[in-house]
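# Working through the structure, step by step
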Amino acid sequence: MTEQQPEILDRVDRIVADHVDTVVDDYERSRTYPLALVQQLCALGLPALVTGRTDLPQPTVLFCRAIERLAAAWLALAESVHLQTLATCALARHGTADLRTELLPGMQEARLIAANCMSEPGAGSDLSLIGTTAERHDDGYRINGVKAWVGHAGVADLLNVYARTGGGGLGGLTCFLVDADAPGVCIQPPEDKMGVRALPTARIVFTDVDVPASRILGRVNRGMIVAHSFFTQGRLGVAACAVGLASAALRYATKHARTRSQFGANLMNFQGVSFMLADMSIKIEASRQLLHRACREVDSGGSQTELLAAQAKVFATDTAMEVTTNAVQVLGARGYTGTEPVERWMREAKLLQIIEGTNQIQRVAIASRL
Ligand SMILES: Cc1cc2nc3c(=O)[nH]c(=O)nc-3n(C[C@H](O)[C@H](O)[C@H](O)COP(=O)(O)OP(=O)(O)OC[C@H]3O[C@@H](n4cnc5c(N)ncnc54)[C@H](O)[C@@H]3O)c2cc1C
C-alpha cells in the first residue's frame with residue numbers, strides 16, 4: 001500500500017458518510033438516480049483506475065475495495081460506478097485515438113454517463129442470438145433492433161451497442177458507440193425491479209439509427225473481442241458489490257443479536273444464532289480473499305484471471321444471497337419489513353447472482369477450464 005491508496009478510500013468513505021447514508025431510502029423509494037454522487041465518486045478517479053494509466057500499484061484491488069465500501073452503503077451507487085467503468089473500458093481499450101481524446105475524460109469522470117447494450121429479449125446468456133442489425137449505409141451503418149435490461153437507460157449519454165454486421169453466431173457482431181439522443185433511439189419506461197430501483201434499467205428500441213463508421217469500437221465483426229475485454233472486470237466488480245453488501249448485513253445482524261433479548265439472554269448467547277453469524281463471517285472473509293487474489297492476478301498480468309474472477313463472482317454472490325437471507329432470519333419479524341435495511345439487502349443480493357453472466361454460466365466457464 002502506498003500513501004495514496006488509503007487517501008482515495010478515505011475520500012470514498014467521506015462521501016459515503018457525508019452524502020450517501022441519509023438519501024438511500026428516499027432515492028430507492030422514489031427511484032431517483034444519484035447522478036451528482038456518481039459524478040463525485042468518478043471524479044475521484046475510480047473508473048480511471050481500470051480504464052486509464054495509473055501510477056498506483058494494484059489498481060484493480062484498489063478499485064474493488066472502493067466498490068466494496070460503496071456497496072456496503074448503497075448497492076445502486078456502487079453498481080452505477082461499476083457499470084460506468086465497464087462501459088468506459090470498451091472505449092478506453094478499443095476506441096480510436098480521436099474518439100478517446102473526444103470522449104474518454106468525460107466518461108471516466110461520469111460527465112458523460114455510458115451504458116452497455118448487449119442483452120436482448122431473445123438473447124440473454126446466449127449472446128450468439130443477438131438479432132439487432134447494423135447494415136452498411138452511405139459512409140456509416142444503420143442500426144435496427146431492440147436491446148433489453150440496459151442499465152443506465154434514460155440517464156446515459158452514450159450507448160455501447162452490439163449489433164450484427166456479419167453472419168450468425170458470436171463472430172458477426174460489431175460494437176458501436178451511439179449517442180443516446182440520436183434520431184431513432186427510443187428509451188422505454190424503466191423496468192419494475194425487485195431492487196436497485198434507483199438505477200434505471202430499461203429496453204431501448206433502435207429504428208433506423210445512423211452511426212458513422214468512425215464510431216465503431218474495435219473492428220467490424222469483432223465486437224465480442226471488445227465485450228470480452230471487460231468480462232473479467234465485470235465479474236470482479238460484482239463480486240466486490242457482493243462482499244460489501246454481505247458485510248453490511250453481517251454487521252447489522254450482529255448488532256441486533258447483541259442487543260435483542262429473549263428467554264432472559266441476548267440472541268448472541270444462543271449458538272443457533274451465534275454460529276449462523278460465525279458462518280456468515282467465515283464466508284465473507286473467504287469471498288474477500290478470493291476476490292483480492294483474482295484482482296492481484298489481473299494487476300500482475302497473470303494467466304488465471306478469467307478463472308479466478310468467475311470463481312470469485314460465484315462464491316461472493318452466493319455468499320451475499322445466503323448472508324442477507326440469514327440476516328433477515330436473525331432479525332425475525334422486523335427483518336421482514338421495509339423499515340429494516342436487511343429486507344432491501346436480501347432483494348438486492350439476488351441481482352448479483354444474475355448480472356455479468358449468471359452464476360450458472362460462470363460455473364459453465366469454470367468447468368470448461370478444469
Ligand atoms: C437489473 C439488471 C440489469 C442488467 N443490466 C444489463 C446491462 O446493463 N446490459 C446488458 O446487456 N444486460 C444487462 N442485464 C441482463 C443480464 O446480463 C441478463 O439477465 C443475463 O445475462 C441472463 O440473461 P437472461 O436474463 O435472458 O436469462 P437466460 O439466459 O434466459 O437464463 C435463464 C436461466 O437459465 C440459466 N441458463 C441459461 N443457459 C444456461 C446453461 N447453458 N447452463 C445452465 N444454466 C443456464 C441461467 O443461468 C438463468 O438462471 C441486466 C439484467 C438485470 C436483471
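Reading guide: rules and limits
Residues numbered from 1 in each chain as written. Predicted model: local features only at pLDDT ≥ 70, side-chain atom pairs only at ≥ 80, totals over all residues. Heavy atoms only, no water. UniProt positions renumbered as here; feature names shortened; annotations may be inferred. Near = heavy atom within 4 Å. Polar contact = N/O pair within 3.5 Å; in protein donor to acceptor, adjacent residues only side chain to side chain. Areas by Shrake-Rupley, 256 points an atom, 1.4 Å probe, with all protein chains shown as cover. Helix = DSSP H or I, 4+ residues; strand = E, 2+ residues; numbered from the N terminus. Nonpolar A, V, L, I, M, F, W, Y, C, P; charged D, E, K, R; others polar. Domains from an automatic or database assignment. Contact = heavy atoms within 4.5 Å. Buried area = accessible area lost by both parts, 1.4 Å probe. Salt bridge = Lys/Arg side-chain N within 4 Å of Asp/Glu carboxyl O.

Looking up the protein in an unreviewed UniProt entry gives the name Acyl-CoA dehydrogenase, with the organism given as Actinoalloteichus hymeniacidonis. The Sequence similarities (unreviewed entry) comment attached to the protein in UniProt states, word for word, "Belongs to the acyl-CoA dehydrogenase family." According to UniProt, the comment filed for the protein under the heading Cofactor (unreviewed entry) is "FAD".

### Concerning the site of the ligand
Ser119, Ser125, Trp149, Thr358 and Gln360 are the nearest of the 16 residues found near the ligand. A distance of 2.9 Å separates a nitrogen atom of the ligand from a polar atom in the backbone of Asn116. Protein burial of the ligand: of its 970 Å² of free accessible surface, 60% is covered by the chains. No other element matches the three residues that strand β3 (residues 140-151) contributes to the shell around the ligand. By residue class, the composition of the shell around the ligand is seven nonpolar, eight polar and one charged.

### Observations concerning the domain arrangement of the protein
Domain boundaries assigned for the protein yield domain 1 (4-108), domain 2 (114-221) and domain 3 (225-368). Computed over C-alpha atoms, the centres of domain 1 and domain 3 are 20 Å apart. Every contact between the two is made by 26 residues of domain 1 and, on the other side, 29 residues of domain 3. Of the roughly 2200 Å² buried where domain 1 meets domain 3, counting both sides, 66% is carbon and sulfur surface. The largest share of the area that domain 1 buries against domain 3 comes from Glu68, Leu75 and Leu86, three residues that together contribute 26% of it. In this assembly, domain 1 and domain 3 are joined by one salt bridge. A salt bridge links Glu68 to Arg288; the shortest N-O distance between them is 2.8 Å.

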